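Below are the chains, spelled out letter by letter.
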Amino acid sequence: MHRAWFVAAVAFVTIIGAAAFRSLPGLLIDPLHQEFGWSRGTIGLAVSVNLALYGLTAPFAAALMDRYGIRKVVAVALTVIAVGSGVTVWMTAAWQLLLCWGLLVGLGTGSMALAFAATVTNRWFTERRGLVTGILTAASASGQLIFLPTLAWIVDEHHWRPAAVTVALAALAVVPFVWLLLRDHPADVGLAPYGAKQFVPKPPPVTGAARRTVAVLFKAAKTGPFWLLAGTFAICGASTNGLIQTHFVPAAHDHGMPIRAAASLLAVIGVFDVIGTIASGWLTDRFDARRLLAVYYALRGVSLLFLPLLLAPSVHPPMVFFIVFYGLDWVATVPPTIALCREHYGEDSAIVFGWVLASHQVGAAVVAFAGGVARDVFGSYDVVWYASGALCAAAALMALVIRRRAQAGA
């Protein structure tokens, strides 16, 4: 077996470790509200800072990986996540939540975002890139699947602080695997990338990481596909991380569903997310990425319009159908989006995707905050579900407008 598959396996485990913290916010909204009296809007603001930094850090992290190597950047990022999560157990004020939960963990997870997956895929594979992208994208869902039921049980039985410590320990546990097993480039072990017909020398470190990141942004911003991809991915983030991941558990709890049951449903989304994302990677290797995106967003929008009718005190078959359906579509958008970035922007595609991911997280951040405010003002989340469904319809149309190939000067 080619060494690239072992590197992909380590990257998969690493992203799972980072996903542990991202499983926690939706479980803590009610406990923090009850203990400290903070409004859901205030707690949602901390989540939105985390989500925004998760995205805005990604393109710079991709450039830092070109400068210092994947292994060093990821090891430091995991350590920052552990510190940010662990320190929250001593917080007593809302600004401390913003600092630890928002700033530190946002920076750490952003350094291990999907731009990390894109970098690993671009360096280690020339074939099966869509499949590998799907597998690495599914790692976040796998982390959600592994940690959500456990964290929900811990919050229910032992309150939220032990859950935060569990997340910190999970992030630290991955660091040795990264340091010992992850390698920056196939040339480090004398191999060609998987599927390559000849050896590819390791490129020299790229200096001026921040400057290069901004320069790539300005270059890409002059092209139409960048804005369409950024717009569709912002809506993707708004309708997944910002909406369902942050607010599904408290919304279900509003309708009388126990927190553990709601968290278990969210974990089931993670199960089908793995299947859907890997299948999307396989489809991306074979079909037009633009049409795939249009189908994914249209189906997601329809499902969100039905969600307010499905929330109830207990789990019933229509809700299970929604969970399965939504899970298959959760981040199925990632492989075709990365493929379109690669098609239009070539060697800069990982950094360009980092900026596209930044728009994803800005969209998520806006809805994470707006969802909390809507709940405070209207007493329910219904208006947010309907608005997100309409946005998904717009994203489907935007995906079809993206041209098939980059033209001269793009």
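As shown above, the structure is provided for reference.
The structure reproduced in this document is the subject of the present report. (Residues numbered from 1 in each chain as written. Predicted model: local features only at pLDDT ≥ 70, side-chain atom pairs only at ≥ 80, totals over all residues. Heavy atoms only, no water.)

Okay, the overall build of the protein chain next. Within the protein chain, the secondary structure is distributed over 17 helices and zero strands. Relative to the globule expectation of 22 Å for 410 residues, the C-alpha radius of gyration of the protein chain, 20 Å, shows essentially globular dimensions. C-alpha extents for the protein chain along the principal axes are approximately 60 × 45 × 40 Å. Per-residue burial for the protein chain yields a buried fraction of 58% across its 410 residues. Considering only contacts within the protein chain whose residues lie at least 6 apart along the sequence, 84% involve residues at least 24 apart. Entry remark: accessible area of the protein chain is about 15600 Å², with carbon and sulfur atoms responsible for 69%. Charge-centre separation for the protein chain: the mean point of 27 positive side chains lies 11 Å from the mean point of 18 negative side chains. (Helix = DSSP H or I, 4+ residues; strand = E, 2+ residues; numbered from the N terminus. Rg over C-alpha atoms; globule rule 2.2 N^0.38 Å. Buried < 20%, exposed > 50% of the residue type's maximum accessible area, 1.4 Å probe, protein only. Contact = heavy atoms within 4.5 Å. Areas by Shrake-Rupley, 256 points an atom, 1.4 Å probe, with all protein chains shown as cover. Lys, Arg positive; Asp, Glu negative; His and termini not counted. Charge placed at Lys NZ, Arg CZ, Asp CG, Glu CD.)

If you look at the biggest cluster of nonpolar residues, it comprises 125 residues, and the most contacted ones within it are Leu 27, Leu 32, Phe 116, Ile 244, Phe 248 and Met 319. Of all the elements, helix α16 (residues 349-378) adds the most residues to this core, at 13 residues. Not counting chain neighbours up to four residues away, the residues in contact with Phe 248 comprise Leu 243, Ala 262, Leu 265, Leu 266, Leu 307, Leu 311, Met 319, Ile 323 and Trp 385. (Core = buried A, V, L, I, M, F, W, Y, C linked by side-chain atoms within 4.5 Å.)

Following the criterion strictly, the structure yields 10 aromatic pairs and no others. An aromatic cluster is present here, built from Trp 5, Phe 125 and Tyr 194 joined pairwise through their rings. Positioned above the aromatic ring of Trp 179, the side-chain terminus of Arg 71 is 4.7 Å from the ring centre. (Phe/Tyr/Trp six-rings, centres within 6.5 Å; stacked < 30°, edge-to-face > 60°. Lys NZ or Arg CZ within 6 Å of the ring centre and 35° of its normal.)

Across the interface, helix α10 (residues 224-239) lies against helix α11 (residues 241-254) with an axial gap of 3 Å and an inter-helix angle of 5°. Between α10 and α11, the angle is such that the two are roughly parallel. Where α10 approaches α11, its residues Gly 237, Ala 238 and Ser 239 are matched on the opposing element by Asn 241, Gly 242, Leu 243 and Ile 244. For the contact of α10 with α11, the residue count by class is three nonpolar, four polar and no charged. (Axes fitted to C-alpha atoms, helices over the stretch in contact; angles between N-to-C directions. Parallel < 35°, antiparallel > 145°, perpendicular 65-115°, else oblique. Nonpolar A, V, L, I, M, F, W, Y, C, P; charged D, E, K, R; others polar.)

Just distances and angles here, no functional claims.
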